[in-house]
Amino acid sequence: MYLKGIATSSGIAIGKVYKLEQPNIVISEGTGDPQQELQILENALAKTISDIEQIKVRASATLAPEELAIFDAHLMMAQDPEYKDQIVGMIKDGSKADQATKTVSDMMVGMFESMDDAYFKERAADIKDVSFRLLCNILGLNIPDLTAIDEEVVIVAEEMTPSDTAQLNKKYSLGFVTEIGGKTSHAAIMAVALGLPAVVGCTGIMSSCKHGDKIILDAKEGDVIIDPTEEQLKEYEEKRVRFLEEKAALQVLLDKPSITLDGHQVELVANIGSPKDMDNVIANGAEGVGLYRTEFLYMESTEDFPSEEEQFKAYKVVLERAEGKRIVVRTLDIGGDKKLPYFEFDPEMNPFLGYRAIRLCLDRKDIFKTQVRALLRASVYGKLAIMFPMIATIDEFKAAKQFVLDTKEELKAEGVEVSDNIEIGMMVEIPASAVLADEFAKYADFFSIGTNDLIQYSMAADRMSEKVAYLYQPLNPSILRLIKMTIDGAHSQGRWCGMCGEMGGDPMAAPVLLGLGLDEFSMSATKILPTRKIITSLNKAEMEDLANKALKCHTESEVSELVKSVLKG
Ligand code: PEP
Ligand code: MG
């Protein structure tokens, strides 16, 4: 049987189905003895907390700190006095522990899900995860233990929660398929981080297979085959071997420069979110870091803003581990969908268009100062470049740059050593700054194009909304023209231009971006080698012709066709 889902990562998995069937929760009826039920709740809560702590310990072996932060959120939830008080209140009024837990959880989930904010919608998923565990513990139901799997399997599940993915043992998990989820769902992001083949949003998968069935999944195409024929098994086994061979073959490019056939060199660098990611940067042959998203440092912190010392340590580690390669650190990009537990944002109708990133930092110089001091102090440990997010006007850029220069003087006056070789640049992710790029380039040392936001703002299409996801069109000629303006603007003043949005690591975009003259491509570390393979097989002069043709196209699909003809050849 053949099913289609959403492709998330790459690779082929062939193996036996392990069906992750969650216990069926049946809420009891009648009333309970409050004394007894309160004791049941206490015991179940204690077990829930220790379960989550254990999962976090196991997960810390494979996940980065920002990915582990999810378990802190779960622990906070399980220990939240308000959550518990509401359940206790209902028990005192005669409800049984399971009834009270279900009612309170459903109410909170409903409340968070109805909020018009991605951050709170995610919190609803956390509450569901925690309350499911709590209910199982109250009812004495066993939650399947993924860590107990001791043979190679493909996991099939309705949904993979954060605690499920964290429990996956890479040794035995060949891949996974889920009934629900989209390209940006938590499960999909985890699959890429773990390097596992995964297909999500595969409607009908749960009712189409049983434990032990033979299954094939092609994570690049989103294809799932249950009970394959001998012929299909042979075909996909060959595909699997080819995929692994190609992956291994890429290793020869590990320390090779990224040079086109006609001798044009570009830089392939990595996006990181924490110092721990430097392992991946080094293992994948990145030529530096093009985007260090520092907001994770702020989001990991639960009580207060990270101190200057904490930040200094993180930046120093990254700079030292880069051994002289450039590290582009982006200053705090908070707001929009990224919230902090210890900082209250005033409600806004359109947080993506609101008080965020550099707008907030220029307004709250106290917050900005701590980060800039930490960065400048760390600058002597490597090659630091600083860039500001969400710059819309030249005045904003000048103010932010001046703030860095003033802080540098302040540190020097304190006798602190600061590097004299720090490039100060900006993200181009608002159409206004792309249009005025040639003028911005008189002030900024470099640009990095943030296509995730640039496309969202150009198309007026919320990047968090599945319904308008079709408007995420990196190859639309309108976007290509904005990119061209930005690159040409940088070059007109002798500056360099990079790209750190998802488009920077998109194989379909690489030929056009090369032709448009992009100097630096920044992407998830695992994409560096495949992109180097593409770049080293292309001719820059030919790609310039391709880019010129693409700029004259009318639709994204026309550009795609052009690119496909190049990549095939
Ligand atoms: C972007 O907008 O393209 C970008 C790289 O920044 P972020 O995804 O963090 O908004
Ligand atoms: Mg952005």
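Computed from a predicted structure; not experimentally measured.

The rules behind the values
- Residues numbered from 1 in each chain as written.
- Chains lettered and ligands numbered in written order.
- Predicted model: local features only at pLDDT ≥ 70, side-chain atom pairs only at ≥ 80, totals over all residues.
- Heavy atoms only, no water.
- Buried < 20%, exposed > 50% of the residue type's maximum accessible area, 1.4 Å probe, protein only.
- Helix = DSSP H or I, 4+ residues; strand = E, 2+ residues; numbered from the N terminus.
- Pairing = 2+ DSSP bridges.
- Right-handed = clockwise from strand over helix to strand, strands pointing away.
- Near = heavy atom within 4 Å.
- Polar contact = N/O pair within 3.5 Å; in protein donor to acceptor, adjacent residues only side chain to side chain.
- Areas by Shrake-Rupley, 256 points an atom, 1.4 Å probe, with all protein chains shown as cover.
- Nonpolar A, V, L, I, M, F, W, Y, C, P; charged D, E, K, R; others polar.
- Disulfide = S-S within 2.5 Å.
- Salt bridge = Lys/Arg side-chain N within 4 Å of Asp/Glu carboxyl O.
- Contact = heavy atoms within 4.5 Å.
- Donors = N, O, S within 2.8 Å, 3.2 Å for Na, K, Ca; no water.
- Phe/Tyr/Trp six-rings, centres within 6.5 Å; stacked < 30°, edge-to-face > 60°.
- Domains from an automatic or database assignment.

Attention shifts here to the pairing of strand β17 (residues 520–523). Burial of β17 is two-sided: the residues Glu520 and Ser522 facing one way and the residues Phe521 and Met523 facing the other way are all buried. Where strand β10 (residues 265–272) and β17 come together, 4 bridges link them in parallel fashion. Counted as the bridge partner of Glu267 is Glu520 from β17. A crossover connection joins strand β16 (residues 496–499) to the parallel β17 through helix α20 (residues 510–516); in handedness this β-α-β unit is right-handed.

The immediate surroundings of ligand 1 are formed by 14 residues, with Arg293, Arg330, Gly450, Asn452 and Arg463 found nearest. Residue Glu429 places a side-chain N or O atom 3.0 Å away from an oxygen atom belonging to ligand 1. Starting from 290 Å² of accessible surface for ligand 1 in isolation, the protein chains cover 98%. Contributions of two or more residues to the shell around ligand 1 are made by β11 (289–293) and α18 (451–459). It is α18 that provides the largest number of residues to the shell around ligand 1, a total of 3 residues. Among the residues forming the shell around ligand 1, the class breakdown is 3 nonpolar, 4 polar and 7 charged.

Applying the stated criterion across every chain yields a total of 0 disulfides. With no disulfide partner, Cys497 has as its closest neighbouring cysteine sulfur the one in Cys500, 9.9 Å distant. With a relative accessible area of 0%, Cys497 lands in the buried category. Since its relative accessible area comes to 1%, Cys500 is described here as buried.

In total, this model carries 35 salt bridges according to the counting rule given. Residue Asp420 pairs with Lys408 through a salt bridge whose shortest N-O separation is 3.1 Å. Of this pair, Asp420 sits in the loop between α15 (394–413) and β14 (423–428) while Lys408 is found in helix α15, placing the two residues 12 residues apart along the sequence. For Lys408, a relative accessible area of 14% puts it in the buried group. A salt bridge links Glu439 to Lys442; the nearest nitrogen and oxygen atoms lie 2.7 Å apart. Given a relative accessible area of 29%, Glu439 falls into the partly exposed group. On the basis of relative accessible area, Lys442 is assigned to the partly exposed category, the value being 43%.

Bringing the side chain of Glu295 into the picture now. Mapped onto the elements, Glu295 comes out in helix α11 (residues 295–300). A distance of 2.7 Å separates the side chain of Glu295 from the side chain of Arg330, its partner in a polar contact. Once residues lying within four places of it in the same chain are set aside, the contact partners of Glu295 are Arg330, Leu332, Asp333, Ile334 and Lys338.

Looking now at the coordination of the magnesium ion (ligand 2). Each protein donor to the magnesium ion (ligand 2) is listed here as Glu429 (OE) and Asp453 (OD); together their distances run 2.0 to 2.2 Å. In this pair, Glu429 is assigned in the loop between β14 and α16 (431–435) and Asp453 in helix α18, connecting sequence segments 24 residues apart. In this structure Glu429 comes out as buried when scored by relative accessible area, which is 2%. For Asp453, a relative accessible area of 3% corresponds to the buried category.

Evaluated as defined, the whole model comprises 10 aromatic pairs. Look at Tyr292 and Tyr315: their rings are 5.9 Å apart centre to centre, the planes differ by 80°, and that puts the pair in the edge-to-face class. Note that Tyr292 is positioned in strand β11 and Tyr315 in helix α12 (residues 308–321), a separation of 23 residues in sequence. You can call Tyr315 buried: its relative accessible area is 2%. Where Phe343 meets Phe345, the ring centres are 5.0 Å apart and the plane angle is 85°; that geometry is what we call edge-to-face. The residues Phe343 and Phe345 share a single accessibility class, namely buried.

Neither face of β16 is open: one carries Trp496 and Gly498, the other Cys497 and Met499, and all of them are buried. Bridging between strand β15 (residues 446–449) and β16 involves 4 bridges; their strand directions are parallel. If you follow Phe446 over to β16, its bridge partner there is Trp496. Where β16 meets β17, 2 bridges bridge the pair, whose relative direction is parallel. In the sheet register, Gly498 faces β17, and the bridge partner there is Glu520.

This next bit is on the domain arrangement of the chain. One can read the domain layout of the chain as domain 1 (2–17 + 152–160 + 173–228), domain 2 (34–139) and domain 3 (252–568). For domain 1 versus domain 3, the separation of C-alpha centres amounts to 32 Å.

Turning next to the environment of Gly201. Within the element layout of this structure, Gly201 appears in the loop between β6 (198–200) and α8 (205–208). For Gly201, a relative accessible area of 18% puts it in the buried group. Sequence separation between Gly201 and Gly5 is 196 residues; the distance between their C-alpha atoms is 5.2 Å. Each residue touching Gly201, except ones within four places of it in the same chain, is listed here: Lys4, Gly5, Ile6, Thr178, Glu179, Ile180 and Gly181.

The next thing to look at is the environment of Thr147. You can see Thr147 is positioned in the loop between α5 (118–139) and β4 (153–157). In this structure the C-alpha to C-alpha distance between Thr147 and Gln167, which are 20 residues apart in sequence, comes to 5.7 Å. Apart from the residues lying within four places of it in its own chain, the contact partners of Thr147 are Arg58 and Gln167.

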